[in-house]
Protein chains: 2
Amino acid sequence: MSLTMCTLGIHGAPMRYSEVSRNIPGVSQKMLTQTLRSLERDGMVRRTVTPVSPVRVDYELTDLGRSLYALIAQVRDWAHENADAVDHARATYDKL
Amino acid sequence: MSLTMCTLGIHGAPMRYSEVSRNIPGVSQKMLTQTLRSLERDGMVRRTVTPVSPVRVDYELTDLGRSLYALIAQVRDWAHENADAVDHARATYDKL
DNA sequence: CGGAATCCATTTAGATACTG
DNA sequence: CAGTATCTAAATGGATTCCG
């Protein structure tokens, strides 16, 4: 979920399904679809279907989604900045 | 997890196990213990055992935990502020 | 291309009983 | 008081197959 929102958030512009998928290595088609659907249902993501052949589907954050993305990005950055501290705490805890 | 950190964060001072438990209605004893243990392992929570009888155990956020709590509190506030928007989006989506 | 549907292994969480 | 241990039910996630 966070990864999906971060992917759409960083990119900014609408992204096709395959494009989102490529940017989240290891995600299964089922999970990505499921996540995008629930984000769409919650009003975080807008899904646009263009009925050409083959069909084209674009995803992008809504305003609501962008406001949440701003917070998620902060948490993501916190995680990067404090990864070492957490690793150290774990190593210390596990040694006991 | 978030609820546990919020409970400890809002309170500020050390809290006893039973006190934390009372502030998170519906949490099972197993889940609370499990959550507190993993938070302790990650360096977010400090656990202090006072060997009186009956034993006294206090939990409180570490500095690292407090820095994460600040972000979690923002997300919690965002959720409160945007609950209506999300509810509306869901109602609209589900009507289709 | 962008999925839906199904099956199955794994994970997770709740209930319950017991303990230093 | 503050847990641990165990069992089971439910939710979750991956792999696979098929479709407009």
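Residues numbered from 1 in each chain as written. Chains lettered and ligands numbered in written order. Predicted model: local features only at pLDDT ≥ 70, side-chain atom pairs only at ≥ 80, totals over all residues. Heavy atoms only, no water.

### Looking at the overall build of chain A
In terms of regular secondary structure, chain A is built from 4 helices and 3 strands. Sequence-ordered secondary structure for chain A, helices as α and strands as β, is α-β-α-α-β-β-α. Projected onto its principal axes, the C-alpha positions of chain A cover 60 × 25 × 20 Å. Residues classed as buried in chain A amount to 36% of the 96 residues present. (Helix = DSSP H or I, 4+ residues; strand = E, 2+ residues; numbered from the N terminus. Buried < 20%, exposed > 50% of the residue type's maximum accessible area, 1.4 Å probe, protein only.)

### Concerning the environment of M15(A)
Mapping M15(A) onto the fold places it in strand β1 (residues 15-16). Look past the residues within four positions of M15(A) in its chain and what remains in contact with it is T7(A), L8(A), V20(A), N23(A), V57(A), D58(A) and Y59(A). (Contact = heavy atoms within 4.5 Å.)

### Let's talk about the sheet that holds β1(A)
Residue and element names in this part refer to chain A. Spatial ordering of the open sheet is given by β1-β3-β2, a layout of 3 strands whose pairing is antiparallel. One side of each edge strand has no neighbouring strand; the edge strands of this open sheet are β1 and β2 (45-50). Both β1 and strand β3 (residues 56-61) contribute to a ladder of 2 bridges, which runs antiparallel. Bridged to M15 within β3 is Y59. Across the sheet, helix α1 (residues 2-11) lies against β1, β2 and β3, angled at about 90° from β3, the strand it touches most. (Pairing = 2+ DSSP bridges. Axes fitted to C-alpha atoms, helices over the stretch in contact; angles between N-to-C directions.)

### Examining the sheet that holds strand β2 (residues 45-50) of chain B
Residues and elements named next belong to chain B. Across the sheet, which stays open at both edges, the 3 strands sit in the order β1-β3-β2 with antiparallel pairing between neighbours. Two strands close off the open sheet at either side, each with one partner strand: β1 (15-16) and β2. With 6 bridges connecting them, β2 and strand β3 (residues 56-61) associate as antiparallel partners. Directly across from R47, in β3, lies its bridge partner Y59. Packing of helix α3 (residues 29-41) onto the sheet brings it into contact with β2 and β3, and relative to β2 it is tilted by some 110°.

### Section: the UniProt feature "domain: HTH hxlR-type" (unreviewed entry) in chain A
Following the UniProt record, the feature "domain: HTH hxlR-type" (unreviewed entry) maps to residues 1-87 of chain A here. Between the C-alpha atoms that bound residues 1-87 of chain A there is a distance of 24 Å. The span itself is 62% helix and 16% strand. (UniProt positions renumbered as here; feature names shortened; annotations may be inferred.)

### Some thoughts on the protein's contact with DNA strand C
Lining the immediate environment of DNA strand C, one finds 15 residues, of which Q29(A), T33(A), R47(A), Y59(A) and K30(B) sit closest. A share of 65% of the atoms of DNA strand C within 4 Å of the protein falls on sugar and phosphate groups. Between Q29(A) and DNA strand C, the recorded distance is 2.9 Å, taken from a side-chain N or O atom to a base nitrogen. Where the surface near DNA strand C is concerned, the elements lending two or more residues are α2 (17-22), α3 (29-41) and β3 of chain A together with α3 of chain B. Partitioning the surface near DNA strand C into residue classes produces 6 nonpolar, 4 polar and 5 charged. (Near = heavy atom within 4 Å. Polar contact = N/O pair within 3.5 Å; in protein donor to acceptor, adjacent residues only side chain to side chain. Nonpolar A, V, L, I, M, F, W, Y, C, P; charged D, E, K, R; others polar.)

### Things to note about α3(A)
Between the first and last C-alpha of α3(A) there are 18 Å, a value that for 13 residues agrees with the 18 Å anticipated at 1.5 Å per step. Those residues of α3(A) not exposed but buried are L32(A), T35(A), L36(A), L39(A) and E40(A). Along α3(A), the residues classed as buried sweep out an arc of 135° about the axis, all on the same side. Considering only its buried residues, α3(A) is in contact with α1, α2, β2 and β3 of chain A together with α4 (63-95) of chain B. G43(A), located one to two residues past α3(A), shows a positive phi value of around 80°. (Expected span 1.5 Å × (residues − 1). Arc of directions from axis to C-beta.)

### Thoughts on the interface of chain B and chain A
Between chain B and chain A, the residue contacts involve 20 residues of the former and 20 residues of the latter. Contact between chain B and chain A buries roughly 1900 Å² in total, counting both sides, with carbon and sulfur atoms accounting for 65%. On the surface where chain B and chain A come into contact, there are 4 salt bridges. The tally of links from chain B across to chain A stands at 8 residue pairs in polar contact (both at pLDDT 80 or more). For the side of chain B that touches chain A, the secondary-structure elements that each account for two or more residues are α3 and α4 of chain B. It is α4(B) that contributes the most residues to the side of chain B that touches chain A, 14 residues altogether. (Buried area = accessible area lost by both parts, 1.4 Å probe. Salt bridge = Lys/Arg side-chain N within 4 Å of Asp/Glu carboxyl O.)

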